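# Examining the three-dimensional arrangement
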Amino acid sequence: MAYWLLKTEPDEYSIDDLRNEPSGHARWDGIRNYQARNLLRDEVSRGDEVLIYHSQCKPVGVVGCGEVTREAYPDPAQFDPENHYFDPKASPESPRWFCVDIRFKAAFPRTVQLAEIKREPSLADMVLLRQGRLSVQPVREAEWQHILAMAARSQ
DNA sequence: GCCAACGTTGGC
DNA sequence: GCCAACGTTGGC
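Quick caveat: nothing in here was measured; it's all calculated off a predicted structure.

Here we come to the packing of aromatic side chains. Scanning all chains against the criterion turns up three aromatic pairs. A ring pair is formed by Tyr-13 and Trp-28, whose centres lie 6.0 Å apart and whose planes are at 90 degrees; its orientation type is edge-to-face. Taken together, the residues Tyr-13 in the loop between strand S1 (3-8) and helix H1 (15-19) and Trp-28 in strand S2 (residues 25-28) connect sequence positions 15 residues apart. When the ring of Tyr-34 is compared with that of Trp-97, the centres are 4.8 Å apart and the planes differ by 35 degrees; the resulting orientation is tilted. Residue Tyr-34 is found in helix H2 (residues 34-42), and its partner Trp-97 is found in the loop between strand S4 (61-74) and strand S5 (98-113); the two are separated by 63 residues along the sequence. Look at Tyr-34 and you get partly exposed, because its relative accessible area is 42%.

Here's what the structure looks like:
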């Protein structure tokens, strides 16, 4: 069992959108970065837990968590010319991009803001701080516990 | 809106 | 394979 952090822009897709999915789960698609793709395709497993991170908003930070319900499969959007994420170099025989399914577990009572995370010395090695642009990133168990503890207490 | 960091593209 | 130019991400 592993832990991950997944980024999303809440204007596009938020923790509330995930919570309100009628089917109870969502396709985490549109990943178009090779490093993130490789993690998604090769490392992320069913049952892994994910932190949901809101970027490009105020405030940015971790807002909740979920669970992986389906391991990597080809992202259908890459084959659809009408789709924003269409990739003319991808084909069903040799897909280039992958996605997973996740389900909502919890929305935190408050946002664990990036600014707070930066202030915690024991979180200084989080990939979030080291490699800010990666949209799928591994989280260590100690980091996971720490973030959850921060979410549970008032700031 | 600005800027830093990083990724991608394409000429050579 | 290198490098410049350009594009994207994402915090502030």
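Attention shifts here to the sheet that holds S1. In space, the six strands of this open sheet follow the order S2-S5-S4-S3-S1-S6, with mixed pairing throughout. If you trace the sheet from one side to the other, it starts and ends with S2 and strand S6 (136-139), each paired once. Strand-to-strand twist in this sheet, taken as the mean axis angle between neighbours without regard to direction, amounts to 40 degrees.

As a further point, take the protein's contact with DNA strand B. With respect to spatial proximity, the complete set of residues near DNA strand B consists of Asn-33, Tyr-34, Gln-35 and Arg-133. Near the protein, within 4 Å, the atoms of DNA strand B are sugar or phosphate in 46% of cases. Arg-133 is positioned such that a nitrogen or oxygen atom in its side chain is 2.5 Å from a base oxygen of DNA strand B. Considered class by class, the residues forming the surface near DNA strand B number one nonpolar, two polar and one charged.

Parameters and conventions
Residues numbered from 1 in each chain as written. Chains lettered and ligands numbered in written order. Predicted model: local features only at pLDDT ≥ 70, side-chain atom pairs only at ≥ 80, totals over all residues. Heavy atoms only, no water. Phe/Tyr/Trp six-rings, centres within 6.5 Å; stacked < 30°, edge-to-face > 60°. Helix = DSSP H or I, 4+ residues; strand = E, 2+ residues; numbered from the N terminus. Buried < 20%, exposed > 50% of the residue type's maximum accessible area, 1.4 Å probe, protein only. Pairing = 2+ DSSP bridges. Axes fitted to C-alpha atoms, helices over the stretch in contact; angles between N-to-C directions. Near = heavy atom within 4 Å. Polar contact = N/O pair within 3.5 Å; in protein donor to acceptor, adjacent residues only side chain to side chain. Nonpolar A, V, L, I, M, F, W, Y, C, P; charged D, E, K, R; others polar.

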